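Summary of structural features
Chain by chain, the residues run as shown.
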Amino acid sequence: MKAKKLVMIGNGMAGIRTIEEILKNHAAPYEITIFGDEPHPNYNRIQLSTVLQGDTTVDDIMMNSWEWYQENNIELHVNEEIIEINTAEKQVVSNQGTRTAYDELIIATGSSSFILPVQGADKVGVTGFRDIHDCEMMIKSARTYKKAAVIGGGLLGLEAARGLLNLGMEVKVVHLMGHLMERQLDNMAANMLREELEAQGIEFLMEKQTAEILGNERVTGLRFTDGTE
């Protein structure tokens with residue numbers, strides 16, 4: 001039986017888990033090709049906050065080694081982003097010009113960080129918190145700069161704030177709502193959390209909406225819709 005060509009766009013946790021199930025449960029042979037736009041094999045994205053906080057290393061959160069791909073005859077393309085899917089010819093094209101035919105295609109690209117669409121969002125020093133590169137950027141910045149603002153008092157924002165605090169930075173969390181993690185916590189629980197985090201050294205600016213990110217090439221501050229900075 002001729003092997004089907006299976007291409008997966010995305011090299012994250014959900015996609016690789018799908019590939020693992022296919023390898024385990026499907027008797028039909030596949031020629032598997034995976035494209036990922038990061039330079040790493042599959043890693044545990046949930047553990048990024050522990051890397052930022054210094055509790056673990058990038059190597060520790062790797063879930064599938066380079067050898068795993070080789071052992072399972074998976075062709076892995078890293079640092080390659082798919083920019084075209086030609087459904088008529090059943091072919092994908094990467095930003096490096098790689099053209100790969102497929103019989104079956106899986107799109108498992110996940111999400112990307114939401115960056116506020118405000119003036120100055122493209123300045124140096126503004127980063128999301130989504131992947132290893134983001135962690136490395138923040139760790140590098142903390143060696144030179146000592147003040148950090150985290151926009152968003154949800155779970156990821158608070159994890160980022162705690163990590164930046166561990167890196168020796170003075171951290172302020174800017175949150176639009178009246179209490180933290182409003183999707184998960186009621187007001188009393190949120191106040192208890194805030195008191196605990198304030199005791200650890202994090203400051204909070206509540207009910208603040210960012211209107212502009214200040215600075216020339218590099219971010220130097222925030223301006224809010226109420227006129228304060």
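Preceding block: the structure.
Let us look at the structure shown here. Computed from a predicted structure; not experimentally measured.

Let's talk about the overall build of the chain
Scanning the chain for helices and strands turns up six helices and 12 strands. Counting only C-alpha atoms, the chain reaches 65 × 35 × 35 Å along its principal axes. Out of the 229 residues in the chain, the part that is buried amounts to 38%. Counting only contacts in the chain whose residues sit at least 6 apart along the sequence, the fraction spanning at least 24 positions is 58%. Of the roughly 13,400 Å² of accessible surface on the chain, 49% is carried by carbon and sulfur atoms. In the chain, which carries 21 positive and 34 negative side-chain charges, the distance between the mean positions of the two groups comes to 2 Å.

Notes on the side chain of Thr33
Topologically, Thr33 is positioned in strand E2 (residues 30-35). Excluding anything up to four places from it in sequence, Thr33 contacts Leu6, Val7, Met8, Glu75, His77 and Thr100.

Structural notes on the sheet that holds strand E6 (residues 99-101)
Sheet strands line up and pair through hydrogen bonds in the backbone, either parallel or antiparallel. Pairing in this open sheet of three strands is antiparallel, and the strands run E4-E5-E6 from one edge to the other. The strands lining the two open edges of the sheet, one partner per strand, are strand E4 (82-86) and E6. For this sheet, the mean angle separating the axes of adjacent strands, direction not counted, is 20 degrees. Summarising the sheet, strand E5 (residues 91-94) and E6 pair through three bridges and their orientation is antiparallel. In the strand pairing of E6, Gln91 is matched with Ala101.

A word on the pattern of salt bridges
In total, this model carries 11 salt bridges according to the counting rule given. The shortest N-O distance in the salt bridge between Arg194 and Glu198 comes to 3.0 Å. With Arg194 and Glu198 both in helix H6 (residues 187-200), this residue pair falls four residues apart, about one helical turn. What emerges from the salt-bridge pattern is a single network uniting Arg17, Glu20, Glu21 and Lys24.

Concerning the packing of aromatic side chains
In the structure shown here, the tally under the stated rule is one aromatic pair. An angle of 85 degrees between the planes, with centres 5.0 Å apart, marks the rings of Trp68 and Tyr69 as edge-to-face. In this pair, the class of Trp68 matches that of Tyr69, namely buried. Between the NZ or CZ atom of Arg218 and the centre of the ring of Tyr145, over which it lies, the distance is 3.8 Å.

A look at helix H4 (residues 132-144)
An ideal rise of 1.5 Å per residue puts 18 Å on 13 residues; H4 measures up with 19 Å between its terminal C-alpha atoms. Against the buried residues of H4 lie helix H2 (48-52) and helix H5 (155-166). For H4, the N-terminal cap is Asp131; the gap from its side-chain oxygen to the backbone nitrogen of His133 is 3.2 Å.

Observations concerning H5
When the terminal C-alpha atoms of H5 are compared, their 17 Å separation across 12 residues agrees well with the 16 Å that a helix rising 1.5 Å per residue should span. Looking only at H5, the buried set comprises Gly157, Leu158, Ala160, Ala161, Gly163, Leu164 and Leu165. In this structure, the buried side of H5 is in contact with H2, H4, strand E8 (147-151), strand E9 (170-175), H6 and strand E10 (203-206). A positive backbone phi angle near 90 degrees is found at Gly168, which sits one or two residues after H5.

Re the environment of Glu71
Take Glu71: it is sitting in helix H3 (residues 66-71). Among the residues examined, Glu71 registers a relative accessible area of 63% and is labelled exposed. Considered as a pair, Glu71 and Ile213 are 142 residues apart in the sequence and their alpha carbons are 48 Å apart.

Rules of the game
All chains use their own residue numbering, which begins from 1 and follows the written sequence. The predicted nature of this model means local features are confined to residues of pLDDT at least 70 and side-chain atom pairs, given and counted, to a pLDDT of 80 or more, with totals for whole chains, interfaces and linings taken over all residues. Derived side-chain values reflect all non-hydrogen atoms in the structure, with water molecules and hydrogen atoms excluded from consideration. Helix and strand definitions here come from DSSP, where helices need a minimum of 4 consecutive H or I residues and strands a minimum of 2 consecutive E residues; each element is numbered from the N-terminal end. When accessible area is computed with a 1.4 Å probe and restricted to protein chains, residues below 20% of their type maximum are described as buried, those above 50% as exposed, and intermediate ones as partly exposed. By definition, residues are in contact when any of their heavy atoms lie within 4.5 Å. Accessible surface area values rest on a Shrake-Rupley calculation with a 1.4 Å probe, where residue burial reflects the displayed protein chains alone. Only four residue types enter the charge count, namely Lys and Arg as positive and Asp and Glu as negative; His and the chain termini do not. Every charge is mapped onto a representative atom, which is NZ of Lys, CZ of Arg, CG of Asp or CD of Glu. Pairing between strands requires that DSSP locate at least two bridges from one strand to the other. Helix axes use the C-alpha atoms of the stretch in contact, all axes being lines fitted to C-alpha atoms, and the angles between their N-to-C directions lie in the range 0 to 180 degrees. By definition, a salt bridge exists where a carboxyl oxygen of Asp or Glu is found within 4 Å of a side-chain nitrogen of Lys or Arg. Pairing of aromatic rings covers Phe, Tyr and the six-membered ring of Trp, with a centre-to-centre limit of 6.5 Å; geometry is then stacked below 30 degrees between planes, edge-to-face above 60, and tilted otherwise. Geometrically, a charge over a ring is one whose NZ (Lys) or CZ (Arg) sits within 6 Å of the ring centre while staying within 35 degrees of the ring normal. For a helix, the expected span equals 1.5 Å multiplied by the number of residues minus one. Polar contact is defined as a pair of N or O atoms within 3.5 Å, subject to the rule that within protein one atom must be able to donate a hydrogen and the other to accept it, and that residues adjacent in sequence are counted only when both atoms are side-chain atoms.

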